[in-house]
Amino acid sequence: MTSAPELTFLHVPVSDPRVEPLLRELGHEYSRRYGKDAHAEIARYPDEEFTEPHGGLLLLLLEHGEAVAGGAFRRYDTTTAELKRIWSHSAHRRRGLARRVVAELEHEAALRGYRRIYLTTGPRQPEARGLYLATGYTPLFDTEADPETIGPLPFEKHLGEATHP
């Protein structure tokens, strides 16, 4: 019999050194898919938008103390949180970690009074598109259209009562 790995969520500031792999890998991934320096996209929102005093949150999913996945939300409006920076470490993909991160972010957003989640993903990120469709997000675009003709693909999800994933 094998035991399940120890997975723990941790709320952290962007400045926490354990966030560095998330930001580094997201930057490489965006640059590879879109052919440009992605650091401007990652730096588009000030770090404080992902802190609790500003209505946001950044969390990491740790396995035996190592960051294997993470994500964040920021205040989009008074009732809506916007998911950003959803990430699974390249060595830990295909384990359902991003799905766990999204569920935890939804739970935390609901606890803070948000009633809706909004997000966009790039047209060259079919894995993310599939994740959001599989986890109950409503596409706010024509799913039959060529994603390259749309630009960022917007999704939304209305939250019910706060329940833990």
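Criteria and cut-off values
Residues numbered from 1 in each chain as written. Predicted model: local features only at pLDDT ≥ 70, side-chain atom pairs only at ≥ 80, totals over all residues. Heavy atoms only, no water. Helix = DSSP H or I, 4+ residues; strand = E, 2+ residues; numbered from the N terminus. Rg over C-alpha atoms; globule rule 2.2 N^0.38 Å. Buried < 20%, exposed > 50% of the residue type's maximum accessible area, 1.4 Å probe, protein only. Contact = heavy atoms within 4.5 Å. Areas by Shrake-Rupley, 256 points an atom, 1.4 Å probe, with all protein chains shown as cover. Lys, Arg positive; Asp, Glu negative; His and termini not counted. Charge placed at Lys NZ, Arg CZ, Asp CG, Glu CD. Polar contact = N/O pair within 3.5 Å; in protein donor to acceptor, adjacent residues only side chain to side chain. Pairing = 2+ DSSP bridges. Right-handed = clockwise from strand over helix to strand, strands pointing away. Phe/Tyr/Trp six-rings, centres within 6.5 Å; stacked < 30°, edge-to-face > 60°. pLDDT = per-residue confidence, 0-100. Axes fitted to C-alpha atoms, helices over the stretch in contact; angles between N-to-C directions.

## Quick notes on the overall build of the chain
Secondary structure assignment for the chain yields four helices and seven strands. If you list the helices and strands of the chain from N to C, you get β-α-α-β-β-β-α-β-α-β-β. Scaling as 2.2 N^0.38, a compact globule of 165 residues should have a C-alpha radius of gyration of about 15 Å, and the chain matches this with 15 Å. Residue burial in the chain is summarised as follows: out of 165 residues, 47% are buried. Sequence separation of at least 24 residues holds for 63% of the intrachain contacts in the chain that already meet a minimum separation of 6. About 8,800 Å² of surface is accessible on the chain, with carbon and sulfur atoms providing 52% of the total. In the chain, the 21 positive side-chain charges and the 25 negative ones have mean positions that sit 2 Å from each other.

## Points about the side chain of Glu106
With respect to the helices, strands and loops of the structure, Glu106 is situated in helix 3 (residues 97-111). Overall, the relative accessible area of 13% leaves Glu106 in the buried class. In terms of polar contacts, Glu106 uses its side chain to reach the side chain of Tyr137, at 2.7 Å. Beyond its immediate stretch of four places on either side in the chain, Glu106 contacts Ile117, Tyr137, Lys157 and Leu159.

## Re the pairing of strand 5 (residues 116-121)
When you tally the buried positions in strand 5, you get five out of six residues, the bulk of the element. Judged from the three bridges that link them, strand 4 (residues 80-88) and strand 5 form a sheet pairing that is parallel. Each residue of the ladder has a partner; that of Glu82, found in strand 5, is Tyr118. Crossover handedness for the path strand 4 to helix 3 to strand 5: right-handed. When strand 5 meets strand 7 (residues 153-158), the two strands line up antiparallel, connected through six bridges. Looking at the pairing, Arg116 lines up with His158 of strand 7.

## A few points about the packing of aromatic side chains
Here the structure, examined in full by the defined rule, presents five aromatic pairs. Measuring from centroid to centroid gives 5.3 Å for Phe141 and Phe155, while their planes differ by 80 degrees, and the two rings are edge-to-face. A residue pair is termed long-range when its members are at least 10 positions apart, and Phe141 in the loop between strand 6 (138-139) and strand 7 and Phe155 in strand 7 qualify at 14 residues. One aromatic cluster is present, built from ring pairs that chain together Tyr132, Tyr137, Phe141 and Phe155.

## Section: the confidence of the model for the chain
Taken over all residues, the pLDDT of the chain has a mean of 88, while the share at 70 or more is 92%. Looking at the elements of the chain, mean pLDDT is at its lowest for helix 2 (residues 39-42), recorded as 70, and at its highest for strand 6, recorded as 97.

## As for the sheet that holds strand 2 (residues 57-63)
The strand order across the open sheet built from seven strands is 1-2-3-4-5-7-6, with neighbouring strands paired in mixed fashion. Both edges of this open sheet fall to strand 1 (7-11) and strand 6, since each of them pairs with a single strand only. Helix 3 contacts strand 1, strand 2, strand 3 (66-77), strand 4, strand 5 and strand 7 of the sheet and is inclined by roughly 40 degrees relative to strand 3.

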